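Each chain is listed here by its residues.
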Number of protein chains: 2
Amino acid sequence: MNGNGDAEADEALSRFVERFASELTEAGMQRMAARVFAALFASETASMTSAELAGQLRISPAAVSGAVRYLSQVNMVGREREPGSRRDRYVLHNELWYEAIAHRDEVLVRWRKILSDGAETLGPDSAAGARAAETAEFFEFVRHELRAMLVRWREHKARGGDASRGGAESGADSGAGSGVDSAASAPR
Amino acid sequence: MNGNGDAEADEALSRFVERFASELTEAGMQRMAARVFAALFASETASMTSAELAGQLRISPAAVSGAVRYLSQVNMVGREREPGSRRDRYVLHNELWYEAIAHRDEVLVRWRKILSDGAETLGPDSAAGARAAETAEFFEFVRHELRAMLVRWREHKARGGDASRGGAESGADSGAGSGVDSAASAPR
DNA sequence: CGCTCACTTCACAACTTTGTGAAGTTAAGG
DNA sequence: CCTTAACTTCACAAAGTTGTGAAGTGAGCG
């Protein structure tokens, strides 16, 4: 049924990886970091070695190194030494979305601070000052909402992600078995 | 109390503008767009003319034009003709945060699509496929949560922003007066 | 003990982005 | 209807970003 079936599959996988990476890039992520992330994401064990990444993405080891450094800094991947070898494996962080939201949290705190200071500078009885104060409040509101949202997502999942039929708007046609977390930390 | 009080005030305002803009830039927004946005935000009427922007930010009219074009595209500012003059005024959009979230909504829809397709490509019984499907579901979840959040913000505001004690998790300690909307669409 | 492989760092070149001056376009006002 | 003021577009120069090859570093294996 497939002599070049593998090749076709690789081709399709690559298209998905590049498409996903392209979106992430557009959203502000560095290009190489996005590509590495997408490749890891699409890999069976959510983990790859430097050589595998370089090979699949057709980039130099240096580029892999740079991308991984960034992804480590923002806590999206971890590094594991492959036992009995001198190779590292880069592994998608278990609590991926948790980390992402946590990072957003820090940003919101910074923004809130700046806006509060700005409100003070502009004065409480100027429209501009009021606007700044209000926006600061909005960011604080969002911050708490995001935290609450993560809790609800956990519940949603725990309550059975597969019973999700009739989900949000028109029924998600996914059918995921394992969670992002568990899948990401899946057997290697 | 102030002979050069105006100069000091301008200085302080400028610091706030540049600081805010810098954060927005770091978050992925074009630099000029961020600076123009911040300047509008910190202005008393949430609106300025091209000349005012160019003067305050020390940039060319061309740069203002480019920034405004971008901000219009993403629906953050509107353009109004100043009656009895041939000048335009650029005005912060009334429902600023609503627009921002709406934009995010579109992004989430795109991501969900890509991930659903990816899940199909990878196959439902591979860990990678399951991961993609699960993530697609997560994005859909977030999308609805964001919408719900906006509704709650409206309630929160309507209920009196100052009675906000006992917010989400540990109570927000803000205390703004007028709403972002109302302030942004304030009298000119 | 030293060799070798894997990763990292560095300097540089290619590419992209960004802001400007100048020419072009449109519309108000004489 | 022509002038002029305001905004926009265009080509280009400056600045910044990104990925590579090559040299450097250090840990495991013989």
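Whatever comes next refers back to the structure up there.
**Student:** Lay out the overall build of chain A in plain terms, naming residues and giving numbers.
**Tutor:** Each helix and strand counted, chain A has seven helices and three strands in total. Taking all 188 residues of chain A together, the buried fraction comes to 47%. Considering only residue pairs separated by 6 or more positions, chain A has 54% of its internal contacts joining residues 24 or more positions apart. About 9,700 Å² of surface is accessible on chain A, with carbon and sulfur atoms providing 48% of the total.

**Student:** Hey, could you go over the protein's contact with DNA strand D for me, with residue numbers and the actual values?
**Tutor:** Around DNA strand D, the structure places 19 residues, and the nearest of them are Met32(A), Ser60(A), Arg79(B), Arg86(B) and Asp88(B). For DNA strand D, the fraction of atoms within 4 Å of the protein that belong to sugar or phosphate moieties is 80%. One of the backbone N or O atoms of Asp88(B) is found 3.0 Å from a phosphate oxygen in DNA strand D. Listed by contribution, the elements that provide at least two residues to the surface near DNA strand D are helix H2 (31–42) and helix H4 (61–73) of chain A together with helix H4 (61–73) and strand E3 (88–92) of chain B.

**Student:** How would you summarise the environment of Met48(A) if you had to cite specific residues and measurements?
**Tutor:** All names here are of chain A. Position of methionine 48 among the secondary structure elements: in strand E1 (residues 47–49). Residue methionine 48 is classed as buried on the basis of its relative accessible area, which comes to 6%. Residues methionine 48 and leucine 92, spaced 44 residues apart in sequence, show a C-alpha to C-alpha distance of 9.2 Å. Setting aside anything within four residues of it in sequence, one finds methionine 48 in contact with Ala39, Leu40, Ser43, Leu53, Gln56, Asp88, Arg89 and Tyr90.

**Student:** Which residues make up the protein's contact with DNA strand C, and what values go with them?
**Tutor:** Arg79(A), Arg86(A), Asp88(A), Met32(B) and Ser60(B) are the nearest of the 18 residues found near DNA strand C. Restricting the count to atoms of DNA strand C within 4 Å of the protein gives a sugar and phosphate share of 79%. Contact distances for DNA strand C include 3.1 Å between a phosphate oxygen and a side-chain N or O atom of Ser65(A). Within the side chain of Ser60(B), an N or O atom sits 2.9 Å from a phosphate oxygen of DNA strand C. Per element, the largest residue contribution to the surface near DNA strand C is four residues, and it comes from H4(A). Each residue belonging to the surface near DNA strand C can be placed in one class, and the counts come to seven nonpolar, four polar and seven charged.

**Student:** Pulling in residues and values, what's your account of the pattern of salt bridges?
**Tutor:** All names here are of chain A. This structure, assessed with the given rule, holds 30 salt bridges over all chains. Salt-bridge contacts for glutamate 95 lead to arginine 154; the nearest nitrogen and oxygen are separated by 2.9 Å. With a gap of 59 residues between them, glutamate 95 in the loop between strand E3 (88–92) and helix H5 (96–122) and arginine 154 in helix H6 (residues 127–158) connect regions that are remote in the sequence. On the basis of relative accessibility, which here comes to 27%, the residue glutamate 95 falls in the partly exposed class. What you see here is one network of salt bridges that share partners, running through Asp105, Arg112, Glu140, Arg143 and Arg147.

Reading guide: rules and limits
- Residues numbered from 1 in each chain as written.
- Chains lettered and ligands numbered in written order.
- Predicted model: local features only at pLDDT ≥ 70, side-chain atom pairs only at ≥ 80, totals over all residues.
- Heavy atoms only, no water.
- Helix = DSSP H or I, 4+ residues; strand = E, 2+ residues; numbered from the N terminus.
- Buried < 20%, exposed > 50% of the residue type's maximum accessible area, 1.4 Å probe, protein only.
- Contact = heavy atoms within 4.5 Å.
- Areas by Shrake-Rupley, 256 points an atom, 1.4 Å probe, with all protein chains shown as cover.
- Near = heavy atom within 4 Å.
- Polar contact = N/O pair within 3.5 Å; in protein donor to acceptor, adjacent residues only side chain to side chain.
- Nonpolar A, V, L, I, M, F, W, Y, C, P; charged D, E, K, R; others polar.
- Salt bridge = Lys/Arg side-chain N within 4 Å of Asp/Glu carboxyl O.

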